[in-house]
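Chain by chain, the residues:
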Amino acid sequence: MSGKSNSDNEMNRNLISENSSDSINFSTSVFIPDEVIDASLNEWIFSLIGRLNLVNLKLSVAEENLRKQRTLKGNCQFIPIGKGLFIFKLDNGDDMKYICEGYWDIKSQALRLRFWERDFKPELQKSSNAFVWITFPDLSIEYWKEAILMAMGNAIGRPIRIDEITLQKEIGYYASILVEVDLTNVVPNKVWVESKYGKFEQEVRASKIPKFCIHCKTIGHNVAECRTYRKGKTQEVAPKQQKWGYTPKKIQQHSVIGFDICNTPANEGTSQSHEIEEGEIVIPNDNQNKIQEKVVDFTFKNSAQNDIGYQQTCQREYH
């Protein structure tokens, strides 16, 4: 029995080793029963997902700081999931609403929160929301009520809280409110305020807006610092490689026969070729001699007439 079991184990190991080489193209499936998946989802229905910059901040320090700021009714568990994200696992809806609607300041960092969702993958998340202090300069003091300022902040984004100095009306230069804004949209620079007494246009100023890349829709860098944008731009601008080569042009030389008044025969042993171009008049060889004789006779007669005329002119001038 032991010998047979050993042979079976060895056969199984060989089978696994053979299948491991094909693991890249191998896939399988599994079905989760309804009651099992529903029970698992119900365990996280009150949870929230938070984001912090954990480069210079430990999660244990953030957890301790958060517990000091808020007192919860039930249990709370912090679960890091990567990319600066972690889960607030809560067991009741009151704590979830209390944390989600509040403002959390952890070591000069504003905690950004969102509701937990099914099939959440941290590597696919791109954050475009940021907490920005919005000020309303020269806002009349009668509008410095919490309900009015929260409504004005709601016209820009999601209002979080009003500055304590604004609530106490200690300084009347401007009213200040913290708003969560989506940087994929343009932050308005004016807002209309209307009541039964009329309406007016109020100036809006945003301070310390974080860097935001309009190319990859992510907070932390601008488009000039975006590696993805520069990489794509380099590939677009890069010229295609061309293969340079030189092919000499064939030049066909034409030997043109000059007009010989004496009709000198060509040297023996040499041959001259002349290609007839379009529009060129070709005179047969038999007629060339006759034309040359007429040209010689015409030239001689003109020369003789010029000499006689010159002699007659000299004689008249002499006499």
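Residues numbered from 1 in each chain as written. Predicted model: local features only at pLDDT ≥ 70, side-chain atom pairs only at ≥ 80, totals over all residues. Heavy atoms only, no water.

Participant: I'd like a description of the pattern of salt bridges, backed by residues and values.
Facilitator: Within the structure shown, the criterion is met by seven salt bridges. Across the pair Glu43 and Lys89 runs a salt bridge, and its minimum N-O distance is 2.7 Å. With Glu43 in the loop between helix H2 (34-42) and strand E1 (48-51) and Lys89 in strand E3 (residues 85-90), the pair connects residues that are 46 residues apart, well separated along the chain. With its nearest N and O atoms 3.0 Å apart, the salt bridge here joins Asp119 to Arg118. (Salt bridge = Lys/Arg side-chain N within 4 Å of Asp/Glu carboxyl O. Helix = DSSP H or I, 4+ residues; strand = E, 2+ residues; numbered from the N terminus.)

Participant: Describe in detail the nonpolar core, supporting the description with residues and values.
Facilitator: Core analysis: the largest hydrophobic core is formed by 20 residues, its most contacted members being Ile134, Phe136, Leu139, Leu149 and Met152. Those elements giving two or more residues to this core turn out to be strand E7 (129-137), helix H5 (146-154), strand E9 (174-182) and strand E10 (190-195). Leaving out residues up to four positions away in the same chain, Ile134 has contacts with Ile156, Ala175, Ser176, Ile177, Val179, Val204, Arg205 and Ala206. Counting residues in each nonpolar core, the second largest holds 18 residues, with Leu48, Phe78, Cys100 and Trp104 among its members. (Core = buried A, V, L, I, M, F, W, Y, C linked by side-chain atoms within 4.5 Å. Buried < 20%, exposed > 50% of the residue type's maximum accessible area, 1.4 Å probe, protein only. Contact = heavy atoms within 4.5 Å.)

Participant: Give me the lowdown on the sheet that holds E9, citing residues and values where you can.
Facilitator: Taken in spatial order, the four strands make up an open sheet running E8-E9-E7-E12, and their pairing is antiparallel. The sheet is open, and its two borders are formed by strand E8 (158-162) and strand E12 (205-207), each paired with just one other strand. Averaged over all pairs of adjacent strands, the angle between their axes in this sheet comes to 35 degrees, without regard to strand direction. Pairing between E7 and E9: nine bridges, direction antiparallel. By the bridge assignment for E9, Ile134 is matched with Ile177. (Pairing = 2+ DSSP bridges. Axes fitted to C-alpha atoms, helices over the stretch in contact; angles between N-to-C directions.)

Participant: Tell me about the sheet that holds strand E2 (residues 76-82), and please be specific about residues and values.
Facilitator: With respect to topology, four strands assemble into an open sheet ordered E2-E3-E1-E6, the strand pairing being antiparallel. Only two strands of the sheet have a single neighbouring strand rather than two, namely E2 and strand E6 (112-115). Here the average twist between neighbouring strands, direction ignored, is 30 degrees. Two strands pair when backbone bridges link them, and E1 and E3 are joined in this way by four bridges, in the antiparallel orientation. For Arg51, the partnering residue across the bridge sits in E3 and is Leu85. Of the strands in this sheet, E2 and E3 touch helix H3 (residues 59-69), which is tilted by about 150 degrees from E2. Relative to the sheet, helix H4 (residues 93-101) contacts E1, E3 and E6, its axis offset from that of E6 by approximately 140 degrees.

Participant: So what's going on with the packing of aromatic side chains? Which residues, and what values?
Facilitator: Under the counting rule described, the total for this entry stands at five aromatic pairs. Seen in terms of ring centroids, Phe78 and Phe86 are 6.2 Å apart; in terms of plane orientation they differ by 45 degrees. Their pairing is tilted. Here the aromatic rings of Phe78 and Phe88 are separated by 4.7 Å at their centres, their planes lie at 65 degrees, and the arrangement is edge-to-face. With Phe78 in strand E2 and Phe88 in strand E3, this pair connects stretches of sequence that are 10 residues apart. The pair formed by Phe78 and Phe88 is uniform in burial state, with each residue classed as buried. (Phe/Tyr/Trp six-rings, centres within 6.5 Å; stacked < 30°, edge-to-face > 60°.)

Participant: Mind laying out a nonpolar patch on the surface, listing which residues take part and the relevant values?
Facilitator: Where nonpolar side chains cluster on the molecular surface, the patch consists of Ile165, Ile171, Tyr173 and Tyr174 and spans about 420 Å² of accessible area. Tracing the sequence through the fold places Ile171 in the loop between helix H6 (164-168) and E9. (Patch = residues over 30% accessible without salt bridge, like charges linked within 9 Å, V, L, I, M, F, W, Y side chains within 5 Å. Areas by Shrake-Rupley, 256 points an atom, 1.4 Å probe, with all protein chains shown as cover.)

Participant: A description of the pairing of E2 should follow, citing residues and the corresponding values.
Facilitator: Pairing geometry for E2 and E3, over six bridges, is antiparallel. Looking at E3, one finds that Pro80 is bridged to Phe86.

Participant: Describe unusual backbone geometry, naming the residues involved and giving the relevant values.
Facilitator: One non-glycine residue, Asp119, lies in the positive phi region at around 60 degrees. You can see Asp119 is positioned in the loop between E6 and E7. Judged by relative accessible area, Asp119 falls into the exposed class, the value being 59%. The backbone of Lys208 sits at a positive phi, close to 55 degrees, despite the residue not being glycine. Along the chain, the position of Lys208 falls in the loop between E12 and strand E13 (212-213).

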